[in-house]
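Fold and geometry: a report
The residues making up each chain are set out below.
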Amino acid sequence: MSGTMDDFDMGLLDDKTYLVAVLRQKMLGMYPVFMYRTKPKIEGEEYLADEWNLRKPLKECSLRIERRGELLLIVFTYKNPGSPPALFAVSKVDISSERNMDYYIKPVGDSSRYFAIRVTDQHGEREAVVGLGFREREEAADFNQCIINFQNAFARERLGKAGEMAHQE
């Protein structure tokens, strides 16, 4: 796996105080990954990669997964010849809220190499669910394991904080 791990303007998440005061951990970088247009789904209906135009991705991107405090950022960037890398989309996964991981990332029902992922533009103004595809199963497994590792670390930290609070009482 190789890829560009450049920093991009992420709006409010690149606030200088926030960068210093919050854990920032790069967890995974990968190139290429493929983004696909998805069809709108009714809640509970599963996504299928066969419904996407797999021969014609929306965009070929680099992927970077970075933890910032309690957020997991999944950043998709692309590069046109002669231009600097640009932000395609970002997924700001916040499982500290009432939403669980399935709200942000869902494996598709017909392949282990594809996922449906909720993304926003750079400023969080527009939101969409797009398809995410990997060339190799191993790359998809690395992506999935990174997500699991984040969830497990988050759960351990929550338990630790709860234990500290109970101990202080």
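Okay, so let's go over this structure. Nothing here was measured: the structure is a model prediction, and the numbers come from that model.

Quick look at the nonpolar core now. Residues Leu63, Ile74, Phe76, Ile105, Leu132 and Phe143 are the most contacted members of the largest nonpolar core, which totals 28 residues. Those elements that provide at least two residues to this core are β1 (24-37), β2 (59-68), β3 (71-78), β4 (86-94), α2 (101-104), β6 (114-120), β7 (127-134) and α3 (137-168). Broken down by element, the residue count for this core peaks at six residues, all from α3. Setting aside residues no more than four positions away along its own chain, Leu132 makes contact with Val33, Phe34, Met35, Trp52, Leu63, Phe76, Arg113, Tyr114, Phe115, Ile117 and Phe143. With nine residues, the next largest nonpolar core counts Tyr36, Ala49, Trp52 and Tyr114 among its residues.

Structurally, the position occupied by Glu66 is in strand β2. The buried category is assigned to Glu66, whose relative accessible area is 0%. Among the polar contacts listed, one links the side chain of Glu66 to the side chain of Arg64, at a separation of 3.4 Å. For Glu66, the residues in contact, after removing those within four places along its chain, are Arg24, Gln25, Lys26, Met27, Leu71, Leu72 and Leu73.

In regular strands, side chains alternate between the two faces of the sheet. When you tally the buried positions in β3, you get seven out of eight residues, the bulk of the element. Relative to β3, β2 runs antiparallel, the two sharing seven bridges. Within the sheet, the bridge partner assigned to Glu66 lies in β3 and is Leu73. Here β2 folds back onto β3, and the loop between the two strands holds two residues, one of which, Gly69, carries a positive phi near 65°.

Glancing now at the environment of Glu127. Among the structural elements, Glu127 can be located in strand β7. Using a relative accessible area of 48% as the deciding quantity, one classes Glu127 as partly exposed. Residues Glu127 and Ala89 lie 38 residues apart in sequence; the distance between their C-alpha atoms is 9.4 Å. A distance of 3.0 Å separates a polar atom in the side chain of Glu127 from a polar atom in the side chain of Arg118.

Moving on: the packing of aromatic side chains. Taken as a whole and judged by the stated rule, the model has nine aromatic pairs. With 5.9 Å between their ring centres and 65° between their planes, Tyr36 and Tyr114 make a pair best called edge-to-face. Residue Tyr36 is located in strand β1, and its partner Tyr114 is located in strand β6; the two are separated by 78 residues in the primary sequence. Each member of the pair, Tyr36 as well as Tyr114, carries the same accessibility label: buried. Three or more aromatic residues joined by ring pairs form one cluster here, namely Tyr36, Trp52 and Tyr114.

This model, assessed by the stated rule, comprises five salt bridges. Put simply, Glu66 and Arg68 hold a salt bridge, and the shortest N to O gap is 2.4 Å. For the pair shown, Glu66 and Arg68 are each scored as buried. For Glu127, the salt bridge goes to Arg118, with nearest N and O atoms at 3.0 Å. Given the relative accessible area of 21%, Arg118 is considered partly exposed.

Cut-offs and rules
- Residues numbered from 1 in each chain as written.
- Predicted model: local features only at pLDDT ≥ 70, side-chain atom pairs only at ≥ 80, totals over all residues.
- Heavy atoms only, no water.
- Core = buried A, V, L, I, M, F, W, Y, C linked by side-chain atoms within 4.5 Å.
- Buried < 20%, exposed > 50% of the residue type's maximum accessible area, 1.4 Å probe, protein only.
- Helix = DSSP H or I, 4+ residues; strand = E, 2+ residues; numbered from the N terminus.
- Contact = heavy atoms within 4.5 Å.
- Polar contact = N/O pair within 3.5 Å; in protein donor to acceptor, adjacent residues only side chain to side chain.
- Pairing = 2+ DSSP bridges.
- Phe/Tyr/Trp six-rings, centres within 6.5 Å; stacked < 30°, edge-to-face > 60°.
- Salt bridge = Lys/Arg side-chain N within 4 Å of Asp/Glu carboxyl O.

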